[in-house]
Amino acid sequence: MRRNLRRNFLVSALLFFSALATCQTEALAEGAAAGAPKTEVWWLGQAAMRITTPSGKVIMVDPWITTNPKTPEAYKNLDVLGKIDIILVTHAHGDHLGDGVALAKKNNAPLWGPAGLDQQLQTLGLLPAELAPRMNKGGTITPFPGVKITQVHAEHSSEMLWTDPDTKKQSTLAAGEPVGFIIELENGFTIYHMGDTALFGDMKLIGERYHPDLVMIPIGGHYVMNPQDAAFATAQFLHPKFAIPMHYGTTPQLKGTPKEYTDALGNAPVKVFPINPGDKLSF
């Protein structure tokens, strides 16, 4: 009898706490619907993403803007981007480093990239140390309260093309290894900006460790994953709620399309946003 009473008590307690958790989840959902702060993502072409966090901080990733053929003309004036608090660059190629140096100086904002890239920017005198801080894969920074940014592996290259201002001679310089960024925001919403990358097995580890809600994923092929590899990474390794395909259509080699990506995903439970450069999304 005593054993039955104890069992009934435990069952009742479990039901109570389950109901309480459900109520809390519903209350959070209602709070979000009632106007809780959101995350804004503004795609400007290629891999250039301007992210506004729920508290209003602005993170600019891979800011190739002024010479990007896919960036709408209305946005090629860097003033249009407004105040930027931090710049993330996944690697040194011109279509990712882009206007990073100019934006860092304009906003007095640190440019975080692979350690070798930031060291090269310092060595060349392009940025002072305080605007070109160094970190590396596995490192995490907390630039604002509640925001964590971690560098993770990418399978690509990262050489830097530099023109000597005196001789006008061009040189190809080492600039560290390519990276991706895990960006966890104040409300826990987590973004994985993959930079440029091929498909690699440890994407599964990244998915299991960081559980990204949104992936910003290259699909163009030739230099990066094609739509089929990107779909495999999304469905089999990363399992996000949302995906924004990027890094396609800017050069003839980048032939992959969002339709090919969504077709390859099939019935995978991910919401894909095949937006155009200049479009904004809220999450």
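This text follows the structure it describes.
Here is a short report on the structure shown in this document. Model, not experiment: these values are computed from the prediction.

### Quick word on the sheet that holds strand β16 (residues 280–282)
Next up, step 1: The seven strands are arranged β6-β5-β4-β3-β2-β1-β16 in an open sheet whose pairing can be described as mixed. This sheet does not close on itself; its edge strands, each paired only once, are β6 (134–135) and β16.
Next up, step 2: Packing against the sheet, helix α4 (residues 115–123) makes contact with β5 (111–114) and β6, and its axis sits at approximately 125 degrees to β5.

### Concerning the environment of Ile 59
Next up, step 1: You can see Ile 59 is positioned in strand β3 (residues 58–61).
Next up, step 2: Residue classification places Ile 59 among the buried positions, given a relative accessible area of 0%.
Next up, step 3: Sequence separation of Ile 59 and Asp 85 is 26 residues, and the distance between their C-alpha atoms is 6.1 Å.
Next up, step 4: Sequence-distant contacts of Ile 59, that is, excluding residues within four places in its chain, are made with Met 49, Arg 50, Ile 51, Thr 53, Ile 86, Leu 88, Phe 144, Ile 149, Ile 183 and Leu 185.

### Quick look at unusual backbone geometry
Next up, step 1: Even without glycine at this site, Asp 62 takes up a positive phi of about 45 degrees.
Next up, step 2: Checked against the element boundaries, Asp 62 lands in the loop between β3 and β4 (86–88).
Next up, step 3: Here Asp 62 falls in the buried class, since its relative accessible area comes to 0%.
Next up, step 4: Phi angles above zero are rare outside glycine, and His 211 is one such case at about 50 degrees.

### Examining the side chain of His 247
Next up, step 1: Structurally, His 247 can be placed in the loop between β14 (242–246) and α7 (258–265).
Next up, step 2: Within the local environment of His 247, its side chain forms a polar contact with the side chain of Asp 95, the two groups lying 3.4 Å apart.

### Considering the pairing of β14
Side chains on a regular strand alternate between the two faces of the sheet.
Next up, step 1: The element β14 is largely enclosed, with a buried count of four among its five residues.
Next up, step 2: In the sheet, strand β13 (residues 214–218) pairs with β14 via five bridges, with the strands oriented parallel. When the sheet's bridge partners are listed, Leu 214 is paired in β14 with Phe 242.
Next up, step 3: Pairing of β14 with strand β15 (residues 271–272) involves two bridges; the strand directions are parallel. Its bridge partner lying in β15, Ala 243 is registered against Val 272.

Thresholds applied
- Residues numbered from 1 in each chain as written.
- Predicted model: local features only at pLDDT ≥ 70, side-chain atom pairs only at ≥ 80, totals over all residues.
- Heavy atoms only, no water.
- Pairing = 2+ DSSP bridges.
- Helix = DSSP H or I, 4+ residues; strand = E, 2+ residues; numbered from the N terminus.
- Contact = heavy atoms within 4.5 Å.
- Axes fitted to C-alpha atoms, helices over the stretch in contact; angles between N-to-C directions.
- Buried < 20%, exposed > 50% of the residue type's maximum accessible area, 1.4 Å probe, protein only.
- Polar contact = N/O pair within 3.5 Å; in protein donor to acceptor, adjacent residues only side chain to side chain.

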